[in-house]
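Coordinate analysis (summary)
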Amino acid sequence: MTNDLSTQQLAIAIYTVNRHAKTAPDNKQLYSLKKKAIDKLIRLGKAEKVGLHFVDNPKFSKQHSTVLVRCDNFLFHTIPEKEDFNKLPHLGQQDPTSRNPQERMSLKLARELLSLYVDSPQPITTVKQKTVVAPKKSIHSMQNNHSFRSSYLDGK
């Protein structure tokens with residue numbers, strides 16, 4: 001299956017997972033999948049580390065950097081390793097005008113593609129089904145279904 005996936009498909013899947021991870025309440029699994037896929041793409045020469053960027057909103061007001069990775073037409077940030085600080089140029093602040101192409105893929109498909117690519121199938125989590133409560137019928141809809149008298153004076 002990994003031979004069938006193009007670099008563009010994998011980049012779109014990473015983009016989708018990353019976009020969802022930013023708003024997910026429990027995002028560790030998504031970020032882990034993103035990191036594994038990017039690491040494998042770099043190892044195989046399908047993605048490259050471009051340089052280091054300062055983080056826009058550092059935690060606890062401590063400035064730190066991330067690694068900018070290019071994969072196909074997409075740019076991603078990952079956590080740097082020790083040797084990245086010696087090997088990669090520091091690019092300073094992130095360019096706010098630089099954006100990834102707007103691509104759409106379902107999160108389920110993106111997770112499946114990346115899981116197959118990194119050879120660690122993710123367990124399929126079941127989504128709790130919401131119980132659907134039937135809406136209460138109004139008097140007007142009941143009049144259509146039943147033979148209500150329009151008035152008490154109608155003696156039918």
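Residues numbered from 1 in each chain as written. Predicted model: local features only at pLDDT ≥ 70, side-chain atom pairs only at ≥ 80, totals over all residues. Heavy atoms only, no water.

**A few points about empty space enclosed by the protein**
- For the structure shown, the criterion picks out 1 cavity of 30 Å³ or more.
- Residue lining of the largest cavity: Lys35, Ile38, Asp39, Ile42, Lys49, Val67, Thr78, Ile79, Glu81 and Asp84, and that is the complete set.
- Per element, the largest residue contribution to the lining of the largest cavity is 4 residues, and it comes from helix α2 (residues 28-43).
- The residue inventory of the lining of the largest cavity, partitioned by class, reads 4 nonpolar, 1 polar and 5 charged. (1 Å grid on protein atoms, 1.4 Å probe; cavity = no way out; pocket = protein on both sides within 12 Å on 5 of 7 lines; lining within 4 Å. Points joined across faces, edges and corners; volume = space filled by probe spheres on them. Helix = DSSP H or I, 4+ residues; strand = E, 2+ residues; numbered from the N terminus. Nonpolar A, V, L, I, M, F, W, Y, C, P; charged D, E, K, R; others polar.)

**Describing unusual backbone geometry**
- Positive phi, normally seen in glycine, also occurs at Asp72, with a value near 60 degrees.
- Of the residues examined, Asp72 reaches a relative accessible area of 34% and is grouped as partly exposed. (Buried < 20%, exposed > 50% of the residue type's maximum accessible area, 1.4 Å probe, protein only.)

**Describing the nonpolar core**
- Among the nonpolar cores identified, the biggest contains 28 residues, and Ile14, Leu41, Phe76 and Leu114 are the most heavily contacted of them.
- Breaking this core down by element, the ones donating at least two residues are α1 (7-21), α2, β1 (47-54), β2 (65-71), β3 (74-78) and α4 (107-117).
- No other element matches α1, which puts 8 residues into this core.
- Dropping the residues within four chain positions of it, Phe76 is found in contact with Ala11, Ile14, Tyr15, Lys34, Ile38, Val67, Leu68, Val69, Cys71 and Asn100. (Core = buried A, V, L, I, M, F, W, Y, C linked by side-chain atoms within 4.5 Å. Contact = heavy atoms within 4.5 Å.)

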